[in-house]
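# Survey of secondary and tertiary structure
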Amino acid sequence: MEAVLNQTVMACGHVANAVEALADGSRRAVCVICAGLGRGAEAPMDPQPDSPNGYRCAYCKRVATTPVAFADATPDRDGYGNHYDGCRGWD
């Protein structure tokens, strides 16, 4: 199962959190939070445009170690794109 999930970011913006067994015997990563809502729960997210050094949280400056769902690929002065990692909570 871990090989299928492998921290895949889904089109809905969540990291894949389940595996669906298909009729042909193959398996694919899915998001059970958004499954059935038409939000891209079954499709991996298109990769973000690459930033030269990766992505860093705009607030805590922690560098992302996994793919980020929503980010600004415009590099800052250090070459990192900006994203928000949830360090200040979610409203």
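The structure reproduced in this document is the subject of the present report. Remember, it's a predicted structure, so these values are computed and weren't measured experimentally.

### A word on the packing of aromatic side chains
Two descriptors summarise a pair of aromatic rings, namely the distance from one centre to the other and the angle between the planes of the rings. Throughout the structure, instances matching the rule amount to one aromatic pair. Considering the side-chain rings of Y59 and Y84, the 5.6 Å spacing of their centres and the 85° angle between planes classify their relative orientation as edge-to-face. Of the two residues, Y59 sits in the loop between β3 (55-57) and β4 (71-72) while Y84 sits in the segment after β5 (81-83), which places them 25 residues apart along the sequence. Y59 gets classed as partly exposed once you look at its relative accessible area, which sits at 45%.

### What about unusual backbone geometry?
Even without being glycine, K61 reaches a positive phi, approximately 70°. With respect to the helices, strands and loops of the structure, K61 is situated in the loop between β3 and β4.

### Details of the pattern of salt bridges
Two side chains with opposite charge may pair up if their charged atoms get near one another. Taken as a whole, this structure holds four salt bridges when the rule is applied. Here R28 and E20 are joined by a salt bridge, their closest N and O atoms 2.9 Å apart. Looking at E20, the relative accessible area reads 30%, which means it is partly exposed. Of the charged contacts in the structure, one is a salt bridge between D76 and R56, with a shortest N-O distance of 2.8 Å. Remark: R56 occurs in strand β3 and D76 occurs in the loop between β4 and β5; sequence separation between them is 20 residues. The class of R56 is buried, set by a relative accessible area of 12%. One network of salt bridges, in which partners are shared, links R56, D76 and D78.

Calculation rules
Residues numbered from 1 in each chain as written. Predicted model: local features only at pLDDT ≥ 70, side-chain atom pairs only at ≥ 80, totals over all residues. Heavy atoms only, no water. Phe/Tyr/Trp six-rings, centres within 6.5 Å; stacked < 30°, edge-to-face > 60°. Helix = DSSP H or I, 4+ residues; strand = E, 2+ residues; numbered from the N terminus. Buried < 20%, exposed > 50% of the residue type's maximum accessible area, 1.4 Å probe, protein only. Salt bridge = Lys/Arg side-chain N within 4 Å of Asp/Glu carboxyl O.

Don't take any of this as a statement about function, it's just geometry.
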